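Remarks on the overall topology
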Amino acid sequence: MRNCLIICSAEVKKAHRNYFKSISNYFSLLLWPILSFFTTYYTYSSFDNYFDPDLANKTNFFTFLILGCLGHNCFWAMVQGGVMQIREERRNGALEIIYFSPANRLALLYGRALGDFIQNTWMFFIFSSIIVMLISKFTYIILFKIIGSFMVLLLTSTIWGGLINSICIATRDAGFLFTIGEPMNFFSAVKFPLKNLPFWARAISPIFPSTYCIYIIRAIFMGNSVNTIKILELLTCLSIIVAITYILTKITEIHNRKTGNLQFY
Amino acid sequence: MIQAKNLNKIYKIKMKKHIWNRSEIQYKEAVHDISMDIEKGKIVGLLGVNGAGKTTTIKMLSTMISPSSGTIHVDDIDAVKFPFHAKKIINLITGGERNIYWRLSARENLEYFGSLYGLTKTELKKRIDYCLSIVNLTKNADIPVEKYSKGMKQRLQIARGLINNPSYIFLDEPTLGIDILMAKELREYIKRITVEENKGVLLTTHYIAEADELCNYIYVINNGKIVSEGTANDLKKLYTSNYCLNFIFDCYNKSLFDDIAKLENIIKIELNPELHSIKLISKENLIKKIIQLSSNYKCNINQIKTEDSLEASLMQILKVGNSHA
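The following refers to the structure shown. Just so we're clear, the structure is a prediction, and the values are computed from it rather than from any experiment.

1. Some details on the packing of aromatic side chains
Residue and element names in this part refer to chain A. With the rule as written, the count across this model stands at 16 aromatic pairs over all chains. Measuring from ring centre to ring centre gives 6.3 Å for Phe-187 and Phe-208, while their planes differ by 10°; the resulting arrangement is stacked. A residue pair is termed long-range when its members are at least 10 positions apart, and Phe-187 in helix H7 (residues 181-187) and Phe-208 in the loop between helix H8 (199-204) and helix H9 (209-221) qualify at 21 residues. Taken as a pair, Phe-187 and Phe-208 share a single burial class, namely buried. Through a chain of ring-to-ring contacts, three or more aromatic side chains come together here, namely Phe-186, Phe-187, Trp-200 and Phe-208. Taking NZ or CZ as reference, Arg-218 lies 3.5 Å from the ring centre of Phe-64, over its face.

2. What to know about the sheet that holds strand E3 (residues 43-47) of chain B
Residues and elements named next belong to chain B. Spatial ordering of the open sheet is given by E6-E7-E8-E3-E9-E10, a layout of six strands whose pairing is mixed. In this open sheet, the two strands that pair with only one neighbour each are strand E6 (90-94) and strand E10 (225-230). Strand-to-strand, the axes of this sheet are offset by a mean angle of 20°, without reference to chain direction. Examined bridge by bridge, strand E9 (residues 217-222) and E10 share five bridges and lie antiparallel to one another. The partner of Tyr-219 across the bridge, within E10, is Glu-229. Packed on one face of the sheet, helix H1 (residues 54-61) meets E3, E6, strand E7 (168-172), strand E8 (200-204) and E9 and runs near 160° to E7.

3. Concerning the interface of chain B and chain A
Tallying the contact residues gives 34 residues for chain B and 37 residues for chain A. Of the roughly 3100 Å² buried at the junction of chain B and chain A (both faces included), carbon and sulfur atoms supply 57%. Linking chain B with chain A are four salt bridges. Among the ionic pairs, Lys-13 of chain A bridges to Glu-111 of chain B, the shortest N-O distance being 3.8 Å. Every element with two or more residues in the side of chain B that touches chain A is listed here: strand E1 (2-15), helix H2 (83-87), E6 and helix H3 (106-115) of chain B. Sorting elements by how many residues they give to the side of chain B that touches chain A places H3 of chain B first, with five residues. A breakdown of the residues in the side of chain B that touches chain A according to their chemical character gives 17 nonpolar, eight polar and nine charged.

4. Here we look at the sheet that holds strand E4 (residues 69-74) of chain B
Residue and element names in this part refer to chain B. Sheet architecture is open: four strands sit in the order E2-E1-E4-E5, paired in antiparallel fashion. Single-partner strands in this sheet number two, and they are strand E2 (24-38) and strand E5 (77-78). The sheet contact formed by E1 and E2 spans 11 bridges and is antiparallel. Bridge pairing in E2 links Lys-9 to Val-31.

5. What about the pattern of salt bridges?
Where charged atoms from two side chains of opposite charge approach closely, those side chains can pair. Tallying each qualifying case throughout the model produces 21 salt bridges over all chains. Residue Glu-89 of chain A pairs with Arg-112 of chain A through a salt bridge whose shortest N-O separation is 2.5 Å. Here Glu-89 of chain A is found in helix H3 (residues 58-92), whereas its partner Arg-112 of chain A is found in helix H5 (residues 105-135), with 23 residues between them in sequence. Across this residue pair, the class does not change: Glu-89 of chain A and Arg-112 of chain A are buried. Close ionic contact of Glu-210 of chain B with Arg-187 of chain B constitutes a salt bridge, the shortest N to O distance being 3.2 Å. Placement of the pair is Glu-210 of chain B in helix H7 (residues 208-214) and Arg-187 of chain B in helix H6 (residues 180-196), with a sequence separation of 23 residues.

6. Re helix H5 (residues 150-162) of chain B
An ideal rise of 1.5 Å per residue puts 18 Å on 13 residues; H5 of chain B measures up with 19 Å between its terminal C-alpha atoms. By the criterion of burial, H5 of chain B is predominantly enclosed, with 12 of the 13 residues buried. Within H5 of chain B the residues assigned to the buried category are Gly-151, Met-152, Lys-153, Gln-154, Arg-155, Leu-156, Gln-157, Ile-158, Ala-159, Arg-160, Gly-161 and Leu-162 of chain B. The elements touched by buried residues of H5 of chain B are helix H4 (94-100) of chain A together with E6, H3, helix H4 (121-134), E7 and H6 of chain B.

Quick notes on the rules
Residues numbered from 1 in each chain as written. Chains lettered and ligands numbered in written order. Predicted model: local features only at pLDDT ≥ 70, side-chain atom pairs only at ≥ 80, totals over all residues. Heavy atoms only, no water. Phe/Tyr/Trp six-rings, centres within 6.5 Å; stacked < 30°, edge-to-face > 60°. Helix = DSSP H or I, 4+ residues; strand = E, 2+ residues; numbered from the N terminus. Buried < 20%, exposed > 50% of the residue type's maximum accessible area, 1.4 Å probe, protein only. Lys NZ or Arg CZ within 6 Å of the ring centre and 35° of its normal. Pairing = 2+ DSSP bridges. Axes fitted to C-alpha atoms, helices over the stretch in contact; angles between N-to-C directions. Contact = heavy atoms within 4.5 Å. Buried area = accessible area lost by both parts, 1.4 Å probe. Salt bridge = Lys/Arg side-chain N within 4 Å of Asp/Glu carboxyl O. Nonpolar A, V, L, I, M, F, W, Y, C, P; charged D, E, K, R; others polar. Expected span 1.5 Å × (residues − 1).

Structural measurements only, silent on function.
Right under this line is the structure:
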C-alpha cells in the first residue's frame, strides 16, 4: 500500500513537472472549456421556450450546463491525457523503463489518471465553483457541495482514467479513443437532461460512468434528492471498470512479455 | 549470481499479405539454447553482429520478455516465474538519449524512477545525491535534461540505472553514438561501479575494444546461438592463428628490411624506414628469425610488440559460426 501511494504521488508530480510548463496550457485548461460552455449556453438560450420546464429558470439552466461541462471536461481529460502521454512515453522509450521496474501496475495507471485529473481540470473546476457560488447564495453548504462534487468527480474520473490508460498500454493504436468524445458527450447527457434522451440512447448511457457522475453532481447542486439506485448503478459501473482494467493489465503484461511489444511504437 | 540455462525464444511473426488475404504466420527462433552466468563484481560481455540475438537475450535476462523455454535465476529468485521479485535487484542502462524525461531535471528524473522502486523521500534523497555524485552531475542536477549534452544524458542514464542500488546491471550498448573521450569516461564509470560496488554487469556492445578493455568474460553470439565463450585472451588465443608482430630497430638497414620481407609465411608487411619499424602478420612466429637477422646486420632491436586482436578473433569466430549455420 505504501509503495502504491509513493507511485501515485510520483506520477502526479511527474505530470505536473513534465506537462505544465507553458502558458499555452491555460488555453486548453481554461479558455477552451469556457468557450465550449458559453457556446452551448447561448445556443440553447436562443430558443425562448426551452423544452424542459425545470430548466426554464436561467440560474438553474446555467448551473445545469456548467456542471455538465465540468463533468465532461474531467472525463475527456482522462482520454486526452492518457493517449497523449502514453504515446509520447512509448516513443521516447520511458514506458519500457517504467515497465521494467517492479512498480505496481494498477498504482501506475491510477496514479497517471490522478495526475491527469489534477493537471487538466483544476482550473476549470475552480472556474465552475466560482460561477456556481456567484449564481447561488453563498453559504457553507455550497462549500460542502463543492467538496462532495469534487470527491465524486475525482473518484469516477480516476477510475475511468485507469481504464483508458490500460487500453493505451495494451495497444499502440489507442488513437481511436479520441472518437469517444462526442458519443460520451451525447449519451452522458452533458447538454440536456437524461430523461430527454430517446429510449435507445438511454439504454446506451449506463456504459459511461460520466452519465452517473454528471447526474449526481447535478442532483447535489440543484437541490434534487440523489437517487440511491443511481449511486448503486455508479458503484456497479465503477466496479466493472476496475475489474476490466485489472484483467486487461494482466493480459497486456503477459502478452508484452511474450512478444516484446512494448518497445514498438 | 545470474544463471541462465538453455534459453530459447521463438517469436511469432505475421507475414503481411494482400489486404484481403489472411496473414501468414511464421515462427522465428531468435535465441537457441543459450546458457550463461553473470557473477557479482564481474563484467560479462555479449558480442555479436546486428540481429545475432543480443537484445533478445538481454531482454530475457532482465525479465522484459519471457523465454519460450529455459530457466533464469537471479540469486535465488526464479526470474521467469517471479519477474517482479527479480526486477527489484536488477536495472537496465541503454545507450542513446531516450528513456528519460527531457523536460524534467536530472534530480526530478531520478526522483520519479526511484519512486517506481518504492523508495521513500529520505531514501530517495540519499540515493539521488549518491548516484549524481558517481556520474559527476551534482552541479547540474537541477537543470532540465533537454539542456544537457549527449554525454551528460548518457551519464544520467547510468545514474538512473543505479537508483535502486541493483545487484545486477544490464548495459545495452551504453557508449552508442558518443565521442571517444566520453566513451572512455563512461567505461571508467562502468569499471568503478562494478568493482567498488560489487555489481554484476552484462554488457552488449558493438565496440570490440570496449569489450576487450572491460569484460572479464565474453560470450559471442551468432544466429541466436553462443558460438564461443571465454576471457578476451582465451578467445584471442583460440581463434587467432596468425601472429601480429611489431619491431622497432635503432637504425634503418635496407638489406635487413629486404631480408625480413623475404621471409616465408608472411601474410602482410608494413615497412617504415623513417621510424625504423616493421609491422607484419605471419602464419608462424618469426621473432627468433628476425632477431637472428638483425644480429647478422648488427642492427639493434629497440622494441618488439606482439599484438592479438580481439576483433580478428571475433571475425574468425563468426566466420566459423556462419559456415556451420
